[in-house]
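What follows is the residue order along each chain.
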Amino acid sequence: MANALYDRTIAFAGICQAVALVQQVAKNGHCDNDAFEASLKAILNINPSNTVSVYGREADLKLGLECLVKGIDSTPTGSEITRYIISLMALERKLSGRNDAMSQLGDRIQMLDRQLEHFELLSEQMISNLASVYLDVVSPIGPRIQVTGTPSVLQQTSNQHKVRALLLSGIRSAVLWRQVGGRRRHLIFGRKKMVEQAQILLARI
């Protein structure tokens, strides 16, 4: 059971990290590069040996763990993050009920994996390819996630691509959350335990 809590905390921190990065990009046009890379790697890591290896190491989820501990509160920033998380989880639930979309998503991700032979993960081309998977496969299932930020920043195509690639990463983590047994009740009744687990992980990073 203790292991289940660890796995759920890791997966939920993955969702938190993706949305915290969405918030950074939408406001400033840039974000924590190491966290960004870990979140994008997670999308392409389809056969991980365990939960944490989806992202790399525990340290690669530092931003997500910090966000889990202190970011989901009633401040404007915290409530925006909460809204993104709820929206992503609702979208993932709809997606998981659509076998056609899940199969298409799997095919597209395998194709992206092959493209890594030609492009760096953080190259504009690769980020654009990741964004198009979100736009083509996930977004049409709806409801659309309204991203708020600085209008001039969000008008830039490269930032739109980053945001969509990160939303795809959030969906990846939401799928993982469900795979490791995460349920809505764990968010309502088990959040305190997840926060404690995240604090333990942060202390040893």
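Just above, that's the structure.
Residues numbered from 1 in each chain as written. Predicted model: local features only at pLDDT ≥ 70, side-chain atom pairs only at ≥ 80, totals over all residues. Heavy atoms only, no water.

## What to know about the pattern of salt bridges
By the definition in use, this model includes nine salt bridges. Glutamate 37 serves as the salt-bridge partner of lysine 41, at 3.7 Å between the closest nitrogen and oxygen. Here glutamate 37 and lysine 41 lie together in helix H2 (residues 33-44), a separation of four residues that amounts to about one turn. A residue is classified by how much of its surface remains accessible, and glutamate 37, at 28% relative accessible area, is partly exposed. (Salt bridge = Lys/Arg side-chain N within 4 Å of Asp/Glu carboxyl O. Helix = DSSP H or I, 4+ residues; strand = E, 2+ residues; numbered from the N terminus. Buried < 20%, exposed > 50% of the residue type's maximum accessible area, 1.4 Å probe, protein only.)

## Here we look at H2
End to end, H2 covers 17 Å across twelve residues, agreeing with the expected 16 Å (1.5 Å per residue, within 8%). For H2, the N-terminal capping position is held by aspartate 32, with its side-chain oxygen 3.1 Å away from the main-chain nitrogen of aspartate 34. (Expected span 1.5 Å × (residues − 1). Polar contact = N/O pair within 3.5 Å; in protein donor to acceptor, adjacent residues only side chain to side chain.)

## Quick look at the packing of H2 against helix H6 (residues 124-138)
At a closest axis distance of 12 Å, the pairing of H2 and H6 adopts a crossing angle of 55°. Accordingly, the angle class assigned to the pair H2 and H6 is oblique. Viewed along their axes, H2 and H6 form a crossing whose handedness is left-handed. For the pair H2 and H6, the contacting residues are Phe36, Leu40, Ile43 and Leu44 in the first and Met126, Ile127 and Leu130 in the second. Among the residues making up the contact of H2 with H6, the classes are represented as seven nonpolar, no polar and no charged. (Axes fitted to C-alpha atoms, helices over the stretch in contact; angles between N-to-C directions. Parallel < 35°, antiparallel > 145°, perpendicular 65-115°, else oblique. Left-handed = near helix turned anticlockwise from the far one by under 90°. Contact = heavy atoms within 4.5 Å. Nonpolar A, V, L, I, M, F, W, Y, C, P; charged D, E, K, R; others polar.)

## Some words on the nonpolar core
Membership of the largest hydrophobic core comes to 65 residues, with the highest contact counts inside it found for Phe12, Ile85 and Leu130. Elements with a contribution of two residues or more to this core: helix H1 (2-28), H2, helix H3 (62-70), helix H4 (76-96), helix H5 (99-115), H6, helix H8 (157-179) and helix H10 (191-204). Per-element tally for this core: the top contributor is H1, with 13 residues. Not counting chain neighbours up to four residues away, the residues in contact with phenylalanine 12 comprise Leu68, Ile72, Ile85, Met89, Trp177, Leu187 and Met194. (Core = buried A, V, L, I, M, F, W, Y, C linked by side-chain atoms within 4.5 Å.)

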